[in-house]
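# Coordinates in review
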Amino acid sequence: MLNPIFERYEKDLIDLARTVWENSEPSFREFVSSRVQVEYLRRMGFTVTENAAGTVTGYVAEWGSGKPVLAFLGEFDALYGLAQQADHLRPDPIPGQPMGHGCGHHLLGTGAIAGALLLRDLMQAEGLTGTLRIYGCPAEESGSGKAYMARDGLFRDCDAALTWHPSNFNMVCTGSSQSCIQCYFRFTGIPAHAASAPHLGRSALDAVELMNVGVNYLREHMEDSDRVHYAISNPGGSSPNVVQAYAESRYLVRSTTNPRCERLYERVKNIARGAALMTETKLEIVFDEGLSNTIPNFVLEEVLDAAFRETGVPEYTEEERHYAAGFKATVPVEDQLSGMPGACRDREKLEKNIRSSELCDYYIETNHSDVCEMGSTDVGDVSWVTPTCTANLNCYSYGADAHSWQWVAQGKSDIAMKGMLKAGEVLARTGLTLLRQPELLVRARDELNRRLKGDGYKCLIPEEVQPHYYD
Ligand SMILES: [Zn+2]
């Protein structure tokens, strides 16, 4: 039913995804990636509002009118350090290109557009009414793009948000993700000659080190599901002969829910204050990013599951399987097996598929899950405001996981494009069911309200912090 309609857009969408891959732009600076999508959507009859939530590259494209309002979430940012030649079977950076699409967001954003275009055609064919919105969300990798958009109320009138992520698997994504806060601890002391006048100096580097020691002791007294990571983002210079007057660390604090994350962040801040007191240095805390935990929605997961089964998974030619085999062979079998999704219902079947096939070629059934997986996404913020669900579509060989050179190398392949187009179909079919049976949207909203237990959405990013990006 869907495929013949899709042929109208197939070439455009593949061109769009490949253009975004070729430009590989950083968070909040996805200038070309955003522009090509905005121009295409205008040509396709969508009304586009640019500069969403005060960003340069975020946009909201709309078609239709009235209720219900369905959101398709797209992304388009790339990752530093992952520039890679397409199709090469070894790490092989593109000269002069610092970034690469190691998370497949060139496919993600385009797949969201595919879903909305397809659903619009189906709505017109069936005479269904409602509003479709494509959210061009900047800065997922670093920058919390969707959190700013949620803070600005851009999802407030949505009845559901549908999204997907390129993956090694075909499945409904379930479970939660971690809430997180990222910030800088900046210590300022007094410089001095480290040999002749150390008593006059107050070391900012000592403060950074003592803070890290304190946090390492804190680890024994956190929940197992909490995580705290740090980088020394400025050690205060490379000369041991000078007492370092300025030093800085960047911390990332994660927990399973926003309130718990905020409490853990307070404890980390207290340790920083203690380190400043011990070293007689001044402390400045600069908030960088904040992401909410994801709230799963089982009602939407059911609809997505049915849509996925009806749509089916991508099918591959012998040539594509041969291509995938080359990339699969770059990762040891034990590592290939280590990334099996926790919610998978039949693990034996999946293990067999990983061992025997070059790439995932079946639909993996999952159990609904409330388990918080390690890691964070800004989709979490959207899920607090409107019922949200995510599909995973296979776009790569088995083996390497996200943020790898292998994902960048395969990003322009036919396998990647098949996954992207299939994602569009799955999302469109999910949206179609929701429009045909609006009572499902009521049930999905009830579930969200039940899970929130009266808590409203409160963005973790303080009001005075605006979209920004630190390298
Ligand atoms: Zn991603």
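Just so it is clear, the structure is predicted and the values come from calculations on it, not from any experiment.

### Let's talk about the coordination of the zinc ion
Ideal geometry at a metal centre: 109.5 degrees between donors when four sit tetrahedrally, and 90 or 180 degrees when six sit octahedrally. Taken together, C103 (SG), H105 (NE2) and H165 (NE2) make up the full set of protein donors to the zinc ion, lying 2.1 to 2.3 Å away. For the zinc ion, the donor residues sit on a single chain with the sequence spacing C-x1-H-x59-H. Linking C103 in the loop between β5 (99-100) and α3 (105-126) with H165 in strand β7 (residues 160-167), this pair joins segments that are 62 residues apart in sequence.

### With respect to the domain arrangement of the protein
Here the protein is described as being made up of domain 1 (3-176 + 293-452) and domain 2 (179-290). Inter-centroid distance (C-alpha atoms) of domain 1 to domain 2 is 36 Å. Taken together, the 12 residues of domain 1 in the interface contact 11 residues of domain 2. The largest share of the area that domain 1 buries against domain 2 comes from N293, M374 and S376, three residues that together contribute 50% of it. Joining domain 1 to domain 2, the criterion identifies zero salt bridges. Scanning the region where domain 1 abuts domain 2 turns up five residue pairs in polar contact (both at pLDDT 80 or more).

### Quick look at the side chain of S255
Position of S255 relative to the elements: it lies in strand β12 (residues 246-255). Using a relative accessible area of 0% as the deciding quantity, one classes S255 as buried. At 3.5 Å, the side chain of S255 forms a polar contact with the side chain of R260. Setting aside residues no more than four positions away along its own chain, S255 makes contact with Q178, S179, D226, R260 and C261.

### Re the sheet that holds strand β1 (residues 47-50)
Pairing in this open sheet of seven strands is mixed, and the strands run β1-β2-β6-β3-β7-β15-β8 from one edge to the other. Taken across any chain shown, the strands that pair with only one partner, and hence form the sheet edges, are β1 and β8 (171-173). Across the sheet, the mean angle from the axis of one strand to that of its neighbour is 25°, orientation sign disregarded. In terms of strand pairing, strand β3 (residues 69-75) meets strand β6 (residues 130-137) through seven bridges, oriented parallel.

Calculation criteria
Residues numbered from 1 in each chain as written. Predicted model: local features only at pLDDT ≥ 70, side-chain atom pairs only at ≥ 80, totals over all residues. Heavy atoms only, no water. Donors = N, O, S within 2.8 Å, 3.2 Å for Na, K, Ca; no water. Helix = DSSP H or I, 4+ residues; strand = E, 2+ residues; numbered from the N terminus. Domains from an automatic or database assignment. Contact = heavy atoms within 4.5 Å. Buried area = accessible area lost by both parts, 1.4 Å probe. Salt bridge = Lys/Arg side-chain N within 4 Å of Asp/Glu carboxyl O. Polar contact = N/O pair within 3.5 Å; in protein donor to acceptor, adjacent residues only side chain to side chain. Buried < 20%, exposed > 50% of the residue type's maximum accessible area, 1.4 Å probe, protein only. Pairing = 2+ DSSP bridges. Axes fitted to C-alpha atoms, helices over the stretch in contact; angles between N-to-C directions.

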